[in-house]
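Fold and geometry: a report
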Amino acid sequence: HVIDIMDPGLFEYPFLYIVEPGGMGFSDREAARLREYFLRGGFVHVDDFWGLRQKANFENQMRKVFPDRRMEVLPPTHEVFHTFYDIDMILQVPSVNDGCDGGPTWQQSDDTEPRVYGISDDKGRLMVVVTYNQDLGDAWEYMDLACYPEKYSGQAYRLGLNFMIYAMTH
């Protein structure tokens, strides 16, 4: 289901997935609406953006939503990595083209390290999880391609399931 931030039904979805947010922009109304969504218990997984320019834009947009909160790298001990599957290492999950051609798994040379960031509420509940320099969506979508390595799809499914289970239980 594709849903607009201002759609009256937004609050019926406890889990949102935003893909390719590198160039997105929030109006003041949209930022306020997202803040309300998060503070009422909503959760979002943001995926598939690469490099410092896209990261800076995303961070600027999230500052509109939460001026007082910053994205923080989630340590491997964070509960979200152990909600169902135990994930102790973050693999870089590449796009389908990068995964199938056997070349670099990253897209922008200015920052090639994969990271998982989070933004939490005052009680420590994770509201936003960000898979940066990764493309979990392609790993889910193209897992059946013979050329796409299983290790990436397996990692993507384990992370995605952990994120969903965490979101529904916290």
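Read on for a plain summary of the structure. (Residues numbered from 1 in each chain as written. Predicted model: local features only at pLDDT ≥ 70, side-chain atom pairs only at ≥ 80, totals over all residues. Heavy atoms only, no water.)

Inspection of the secondary structure assignment puts Arg 63 in helix H2 (residues 51-65). Along the primary structure Arg 63 and Asn 97 are separated by 34 residues, whereas in three dimensions their C-alpha atoms are 32 Å apart. Looking at Arg 63, its side chain comes within polar contact range of the side chain of Asn 60, at 2.5 Å. (Helix = DSSP H or I, 4+ residues; strand = E, 2+ residues; numbered from the N terminus. Polar contact = N/O pair within 3.5 Å; in protein donor to acceptor, adjacent residues only side chain to side chain.)

Attention shifts here to the state of the cysteines. Taken as a whole and judged by the stated rule, the model has one disulfide. Residue pairing for Cys 100: its cysteine sulfur links by disulfide to Cys 147, the two sulfurs lying 2.1 Å apart. The sign of the 65 degrees torsion about the S-S bond sets the Cys 100-Cys 147 disulfide as right-handed. Taken together, the residues span a long stretch of sequence, with Cys 100 in helix H3 (residues 96-101) and Cys 147 in the loop between helix H4 (136-141) and helix H5 (150-169) at a distance of 47 residues. When its relative accessible area of 26% is taken as the criterion, Cys 100 is described as partly exposed. (Disulfide = S-S within 2.5 Å. Buried < 20%, exposed > 50% of the residue type's maximum accessible area, 1.4 Å probe, protein only.)

Turning to the sheet that holds strand S3 (residues 72-73), a few remarks are in order. On the basis of which strands lie adjacent, the open sheet formed by five strands has the order S1-S2-S5-S4-S3 and mixed pairing. Across the chains shown, the open sheet's two edge strands, defined by having one partner strand only, are strand S1 (15-19) and S3. Sheet analysis places S1 next to strand S2 (residues 43-47), joined by five bridges and oriented parallel. Looking at S2, one finds that Tyr 17 is bridged to His 45. Packed onto the sheet, H2 meets S2, strand S4 (115-120) and strand S5 (126-132) and runs at close to 165 degrees relative to S5. (Pairing = 2+ DSSP bridges. Contact = heavy atoms within 4.5 Å. Axes fitted to C-alpha atoms, helices over the stretch in contact; angles between N-to-C directions.)

With that settled, consider the pairing of S2. The buried fraction of S2 amounts to five of the five residues, a majority that puts the element mostly inside the structure. Here S2 shows two buried faces, one formed by Phe 43, His 45 and Asp 47 and the other by Val 44 and Val 46. For the crossover from S1 across helix H1 (residues 28-39) to S2, the handedness is right-handed. As judged from the four bridges shared by S2 and S5, these two strands associate in the parallel manner. By the bridge assignment for S5, His 45 is matched with Val 129. (Right-handed = clockwise from strand over helix to strand, strands pointing away.)

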